[in-house]
Amino acid sequence: MNENDQELLEGLRSLANDGPREAPARVEERLVNEFRRRARVRRNTIWASGGAVAAIAASLAVMMWLAPRQYAPAREQTAVVELPPMIEVPSPSGEIAMNFYALPEASELPPVENATVVRVELPMSTLRSIGFQINEERANEAVEADVLLGQDGLARGVRFVE
Amino acid sequence: MLESPSPSDHDLLRLIANRDESAFLTFYRRHQGLVYRFALQMSGKTEHAEEVTQDVFMVVMGSAKQYDPARGSVAAYLIGIARNFVLRSLERDRPYVVLDDPDGEPAWRLAGEQDALDDLTRQERIESLKKAVLALPPAYREVVVLCDLQELDYAEAANVLGCAIGTIRSRLHRARALLIEKMRTNERCVV
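What counts and how
- Every chain's residues receive numbers from 1 upward, in the order its sequence appears when written.
- Labels are handed out in written order, letters beginning with A for the chains and numbers beginning with 1 for the ligands.
- Reporting in this predicted model follows two pLDDT cut-offs: at least 70 for local features of residues, and 80 or more for side-chain atom pairs to be given and counted; totals over whole chains, interfaces and linings ignore these cut-offs and use all residues.
- Two axes define the bend at a residue: one fitted to the seven residues ending there, one fitted to the seven starting there, and the bend is the angle between them.
- Labels follow the DSSP assignment, with helices taken as runs of H or I lasting at least four residues and strands as runs of E lasting at least two, numbered in each case from the N terminus.
- The predictor's confidence in any single residue is recorded as pLDDT, a number from 0 to 100.
- Two residues qualify as being in contact provided that their C-beta atoms, derived from the backbone, are within 7 Å of each other.
- All amino acids are sorted into three groups, where Ala, Val, Leu, Ile, Met, Phe, Trp, Tyr, Cys and Pro are nonpolar, Asp, Glu, Lys and Arg are charged, and the leftover types, Gly among them, are polar.
- Between N-to-C directions, angles span 0 to 180 degrees; the directions come from axes that are lines fitted to C-alpha atoms, helices contributing only their stretch in contact.
- For any pair of crossing helices, the crossing counts as left-handed if the nearer helix is rotated counterclockwise from the farther one by less than a right angle, and right-handed if it is rotated clockwise.
- Strands are treated as partners if at least two bridges between them are detected by DSSP.
- For classification, angles of less than 35 degrees are called roughly parallel, those exceeding 145 degrees roughly antiparallel, those between 65 and 115 degrees roughly perpendicular, and all remaining angles oblique.

Participant: Can you tell me about helix H2 (residues 21–43) of chain B, naming the residues and giving the values?
Facilitator: The sharpest bend along H2(B) measures roughly 45° and falls at His31(B). A positive backbone phi angle near 75° is found at Gly44(B), which sits one or two residues after H2(B).

Participant: Describe the confidence of the model for chain B, naming the residues involved and giving the relevant values.
Facilitator: All names here are of chain B. Looking at chain B as a whole, the pLDDT averages 82, with 80% of positions reaching at least 70. Here helix H5 (residues 114–118) is the element of chain B with the lowest mean pLDDT, 51, and H2 is the one with the highest, 95. Across residues 96–113, confidence stays below pLDDT 50; counting only partners more than four residues off in sequence or on other chains, it has 37 contacts. At the level of chain-chain contacts, confidence expressed as ipTM amounts to 0.75, with global pTM at 0.59.

Participant: Account for unusual backbone geometry, with residues named and values stated.
Facilitator: All names here are of chain B. Here Arg-19, not a glycine, exhibits a phi torsion of approximately 65°, which is positive. Counting through the fold element by element, Arg-19 comes out in the loop between helix H1 (9–17) and H2. Even without being a glycine, Glu-151 presents a positive backbone phi close to 60°. Positionally, Glu-151 belongs in the loop between helix H7 (138–149) and helix H8 (154–161).

Participant: Please provide a residue-by-residue account of the interface of chain A and chain B, values included.
Facilitator: Residue-level contacts link 27 residues of chain A with 28 residues of chain B. Counting residues per element, the side of chain A that touches chain B draws most heavily on helix H2 (residues 25–77) of chain A, which supplies eleven residues. Taken together, the residues that form the side of chain A that touches chain B break down as eleven nonpolar, four polar and twelve charged.

Participant: Could you give an account of the packing of H2(B) against helix H4 (residues 74–92) of chain B, with specific residues and numbers?
Facilitator: All names here are of chain B. Taken N-terminus to C-terminus, the directions of H2 and H4 make an angle of 35°; their axes are 10 Å apart at the nearest point. Helix-helix and strand crossings are classified by hand; for H2 and H4 the assignment is right-handed. Where H2 approaches H4, its residues His-31, Leu-34, Val-35, Phe-38, Ala-39, Met-42 and Ser-43 are matched on the opposing element by Val-74, Ala-75, Leu-78, Ile-79, Ala-82, Val-86, Ser-89 and Leu-90.

Participant: So what's going on with the pairing of strand S4 (residues 142–149) of chain A? Which residues, and what values?
Facilitator: Residues and elements named next belong to chain A. Summarising the sheet, strand S3 (residues 116–123) and S4 pair through eight bridges and their orientation is antiparallel. Its bridge partner being in S4, Glu-121 is matched across the sheet by Glu-144. If you look at the hairpin formed by S4 and strand S5 (residues 155–160), you'll find five residues sitting between the two strands, and Gly-153 has a positive phi there, around 85°.

Participant: So what's going on with the packing of H2(B) against H7(B)? Residues and values would help.
Facilitator: Residues and elements named next belong to chain B. With their axes 10 Å apart at the nearest point, H2 and H7 run at an angle of 135° to one another. The orientation of H2 with respect to H7, classified from their angle, is oblique. Pair H2 / H7 crosses with right-handed handedness. Residues Phe-38, Gln-41 and Met-42 of H2 lie in contact with H7, whose contacting residues are Arg-141, Glu-142, Val-145 and Leu-149. Partitioning the contact of H2 with H7 into residue classes produces four nonpolar, one polar and two charged.

Participant: Quick one: what's the story with the pairing of S5(A), residue by residue and with numbers?
Facilitator: Strand direction decides the pairing type here: S4(A) and S5(A), joined by five bridges, are antiparallel. Within the sheet, the bridge partner assigned to Leu148(A) lies in S5(A) and is Gly157(A).

Structure follows, in structure tokens:
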């Protein structure tokens, strides 16, 4: 190593020790705030998804509890079944309207402003509770359906995939 | 009484993935200096160093699970992330980076010319060398920063830069030669 090299390395060693050695405290503060914000969002997301599932379950339970009393007598009285009214909501992209059969209690809920659609499997007997006529032999079979949830997480309508 | 051993970086990263704030703070305090200084030495600007440090630990916050010890040390992992941010900010500010300034401060002076050196304070010499390092092309600058300023060994530097150890050696050799050349040029300008 010649004199120039030696001088350069000494200079680089001085440079390595020069200047601030740590980031300012505000960086830590900003990062901690961001860490907390993310943790909060994560907790809220978990609660929200748990809440949505609970809302669906609750909506369906209420619907199935109410429906036989509302619709079963009608089924016995007449062979002509009137289909439930339709709800029309825009798709998330806003371009295509989506049609759902209104659930029995949906008319008592506030109008849908911010819809969420969740695909679920329902027992065929649920169709009867909504107002459809079904083959009783297939009442225990599952059917795939999209459930329309309102901004409050309560089910408003349903459409059947199959 | 025996003190409880401090948690390893790997343990801390696992805890960070589970949103453990104190683990994040411990990890940040352990490594922020390394990241900050690397960014500062590469960019020469405290505001860039600050921004890069923040960005690096944001990445850690969001993807702590992705660290794989088999692929290198935590230092290499962090500097690897910092390097991407630094290169991006250098690219962004390229029109404003002074690559060479023959009329500016002399970058270096020849050893042995004590009279000339006596005229400069230690801080001025460091500033001059800093300018010379910052005037190097990024590929050479980063090996000088990693090996000479951050004192990473060649293998770690190669891991950070994703190249062979031989490439590190040759770039470092060339970078030092460029710095010495700049010293001589500036010396001639002074004379």
